[in-house]
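Coordinate analysis (summary)
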Amino acid sequence: MSWTPELPYYPTPPDDFFNCSAQGPNPNLYPWTTKGNVWCAVDVLKTESKLSDQKIRDNCIQHLKIATNNSTLEDNKRPFFVGCGFHKPHAPYIAPKEFFDNLPPLNDIPGPLDPFAPIGMPAVAWHPPADIHGLDETPAFNGTVNNTRSRVYRRAYYAATSYQDYNIGQVLDALEDLNVVESTVVILFADHGYQLGEHDTWAKMTNFELAVHIPMIIRVPWMKHSIGKSTQVLAEMIDMYPTLAQLAGLPDPYLLNGSEGINGTSLYSVFEDPTNTSVKTTAFSQFAKKNTTDVHPEFFRNGTNIMGYSVRVKDWRYTCWFKFNNETIVPELDYILGTELYDHRNDSGLYLDDPGETVNLVNVSAYAPIVQSLHSLVLDYIRLWPVY
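All of these numbers come straight from a predicted model, not from anything done at the bench.

A look at the packing of helix α1 (residues 52-67) against helix α3 (residues 147-177)
Between α1 and α3, the least distance of the axes is 9 Å, while the angle of their chain directions is 10 degrees. Relative to α3, α1 is oriented roughly parallel. Like other packed secondary-structure pairs, α1 and α3 cross with a definite hand, here right-handed. Across the interface between the two elements, Asp-53, Gln-54, Arg-57, Cys-60, Ile-61 and Leu-64 of α1 pack against Tyr-163, Gln-164, Tyr-166, Asn-167, Gln-170, Val-171, Ala-174 and Leu-175 of α3.

With respect to the nonpolar core
Among the nonpolar cores identified, the biggest contains 31 residues, and Phe-18, Val-42, Tyr-93, Phe-100, Ile-132 and Tyr-194 are the most heavily contacted of them. With seven residues, α3 is the single largest residue contributor to this core. Not counting chain neighbours up to four residues away, the residues in contact with Val-42 comprise Phe-18, Asn-19, Leu-51, Ile-94, Ala-95, Pro-96 and Lys-97. Judged by nonpolar contacts, the second largest core, of 22 residues, contains Val-313, Phe-322, Phe-324 and Val-362.

Things to note about the pattern of salt bridges
As a working rule, side chains carrying opposite charge can pair if their charged atoms are close by. Throughout the structure, instances matching the rule amount to 14 salt bridges. Across the pair Glu-48 and Lys-50 runs a salt bridge, and its minimum N-O distance is 3.1 Å. Between Glu-198 and Arg-154 there is a salt bridge, with its nearest N and O atoms 3.3 Å apart. Here Glu-198 is found in the loop between β5 (195-196) and β6 (202-203), whereas its partner Arg-154 is found in helix α3, with 44 residues between them in sequence.

Examining the side chain of His-192
In this fold, His-192 is placed in the loop between β4 (186-189) and β5. In this structure His-192 touches His-90, Lys-204, Ala-211 and Ile-214, once residues within four positions along its chain are discounted.

Details of empty space enclosed by the protein
By the definition in use, this model includes one cavity of 30 Å³ or more. Roughly 40 Å³ of internal volume is contained in the largest cavity. Considering the residues around the largest cavity, the lining is formed by His-90, Ala-91, Asp-131, His-192, Tyr-194, Ala-203, Lys-204 and Met-205. Residue composition of the lining of the largest cavity, by class: four nonpolar, two polar and two charged.

Here we look at unusual backbone geometry
Residues Lys-88 and Pro-89 are joined by a peptide bond in cis, for which omega reads 15 degrees. With respect to the secondary-structure elements, Pro-89 resides in the loop between α1 and β3 (93-96). The peptide bond linking Ala-91 to Pro-92 adopts the cis configuration, its omega dihedral lying at 0 degrees. Relative to the helices and strands, Pro-92 is located in the loop between α1 and β3. Non-glycine residue Asn-179 carries a positive phi angle of around 60 degrees. The topology assignment puts Asn-179 in the loop between α3 and β4. Despite not being glycine, Ile-329 shows a phi value in the positive range, around 60 degrees. Along the polypeptide, Ile-329 turns up in the loop between β10 (316-325) and β11 (330-343).

Observations concerning the environment of Glu-209
With respect to the helices and strands, Glu-209 occurs in helix α4 (residues 209-212). Residues Glu-209 and Arg-312, spaced 103 residues apart in sequence, show a C-alpha to C-alpha distance of 8.7 Å. Discounting residues that sit within four places of it in the chain, Glu-209 has contacts with Arg-312, Arg-317, His-344 and Glu-357.

Observations concerning the sheet that holds β3
Judged by pairing direction, the sheet is mixed, and its three strands sit side by side in the order β1-β2-β3 without closing on themselves. The two strands at the open ends of the sheet, each matched to only one other strand, are β1 (20-24) and β3. When the angles between neighbouring strand axes are averaged without regard to direction, this sheet yields 10 degrees. Sheet topology note: the strand β2 (residues 39-42)/β3 ladder contains four bridges and is parallel. When the bridges of β3 are listed, Val-42 appears paired with Pro-96. Along the sheet, α3 contacts β2 and β3; its crossing angle with β3, the most-contacted strand, is approximately 55 degrees.

A short note on the sheet that holds strand β9 (residues 306-312)
Ordered in space as β8-β9-β10-β11, the four strands form an open sheet in which the pairing is antiparallel. Looking at strand neighbours, the two that pair on one side only are β8 (283-289) and β11, the edges of this open sheet. Taken over all neighbouring pairs, the strand axes of this sheet differ in orientation by 20 degrees on average, direction set aside. Taken together, the seven bridges between β9 and β10 define a ladder with antiparallel strand orientation. Directly across from Gly-308, in β10, lies its bridge partner Trp-321.

Topic: helix α5 (residues 240-247)
Of all the residues in α5, the buried ones are Met-240, Pro-242, Thr-243, Ala-245 and Leu-247. Close packing links the buried residues of α5 with β4, β7 (216-219) and α6 (268-272). Looking one or two residues beyond α5, the residue adopting positive phi is Gly-249, at roughly 75 degrees.

Examining the packing of aromatic side chains
Across all of its chains, the model carries eleven aromatic pairs by this definition. Measuring from centroid to centroid gives 5.8 Å for Phe-99 and Tyr-163, while their planes differ by 50 degrees, and the two rings are tilted. Pair noted here: Phe-99 is in helix α2 (residues 97-101) and Tyr-163 is in helix α3, with a separation of 64 residues, a long-range link. In this structure, Phe-99 and Tyr-163 share a single accessibility class: buried. Seen from their ring centres, Tyr-157 and Tyr-194 are 4.9 Å apart, and the 15 degrees between their planes marks the pair as stacked. Remark: Tyr-194 occurs in the loop between β4 and β5 and Tyr-157 occurs in helix α3; sequence separation between them is 37 residues. For the residue pair Tyr-157 and Tyr-194, the accessibility class agrees, reading buried in each case. When the ring centre of Trp-321 is taken as reference, the NZ or CZ atom of Lys-289 above it lies at 5.2 Å. The lysine or arginine in question, Lys-323, covers the ring of Tyr-335, its NZ or CZ lying 5.9 Å from the ring centre.

Criteria and cut-off values
Residues numbered from 1 in each chain as written. Predicted model: local features only at pLDDT ≥ 70, side-chain atom pairs only at ≥ 80, totals over all residues. Heavy atoms only, no water. Axes fitted to C-alpha atoms, helices over the stretch in contact; angles between N-to-C directions. Helix = DSSP H or I, 4+ residues; strand = E, 2+ residues; numbered from the N terminus. Parallel < 35°, antiparallel > 145°, perpendicular 65-115°, else oblique. Left-handed = near helix turned anticlockwise from the far one by under 90°. Contact = heavy atoms within 4.5 Å. Core = buried A, V, L, I, M, F, W, Y, C linked by side-chain atoms within 4.5 Å. Buried < 20%, exposed > 50% of the residue type's maximum accessible area, 1.4 Å probe, protein only. Salt bridge = Lys/Arg side-chain N within 4 Å of Asp/Glu carboxyl O. 1 Å grid on protein atoms, 1.4 Å probe; cavity = no way out; pocket = protein on both sides within 12 Å on 5 of 7 lines; lining within 4 Å. Points joined across faces, edges and corners; volume = space filled by probe spheres on them. Nonpolar A, V, L, I, M, F, W, Y, C, P; charged D, E, K, R; others polar. Pairing = 2+ DSSP bridges. Phe/Tyr/Trp six-rings, centres within 6.5 Å; stacked < 30°, edge-to-face > 60°. Lys NZ or Arg CZ within 6 Å of the ring centre and 35° of its normal.

Written out as structure tokens, the structure is:
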């Protein structure tokens, strides 16, 4: 993505033809790719520009070169924005073979820490393996995936992640080569989390922590108190625009003439003090379904029949699944299909913290006041931001 006139938007390029030195499980499962597999170790060097993300990487670097090669009237570089969107490790897990070779052998790849659905989970919260094909032998609900196949897929996902780490590193190296590291904000984030067998499911189509908790790394060289620090502040992707605007010294989008009608909270104060978590106390997510078993969201106006709203606060995650009226395009607040409450009081912010959303506590009487409070937050969220 770029608004540079000399180099406009670069559409996603296709992969060149490639050979898989190893692949699986069935070449007919992904007909829109060259080899059509859930995973593929490609006979391509990481430095080449043959795979889609390699081409995106190289084009992104080219964008940066053009953007930093135009001086304003004074001796300063003109401001620039470049958005670089990579695809992997999205399925199918395709990466150059060397990233597979650098991983431990299959038997040393760990399985999911929690391979079963949460105790007391409503059925509406769960889904089959989605687009991670080849798991057909998995029982319809709360079974166990073949252990070998699970490790094969998890290893392939790690290879695709390592491949993307390399591509991102090349883009960051370009900032150094162009001598703009100390004057450039870098934001690295994903569009969703992922399940690799945890909760007895795969892919992203849930409101569990693993599916909606994303990696987010922001570097602002001139905010010295933030360098090398992590923070426990809650954040949403809608916070990125107001945060970036303030970090870059742009006009406050909330104060512009007529306002911009945006949502989100500027997290600028967190860069002044990473321990400041009071700036944002809730984070919301939602997921649409056609029915309790179909995992693919329906983007047509009248195609959604179920909507799950989830709110995360410091110590808890609460999710409520409503019947969704696909004619009026609003949830039916009195028609609840299921609710969930998960304890996050022992979280450190790392992967699948204890207790890892293993037990749904929504019906425990001691937590009734918490459920009531969080349900009110969900209702306020729906009413504040209705769908038209």
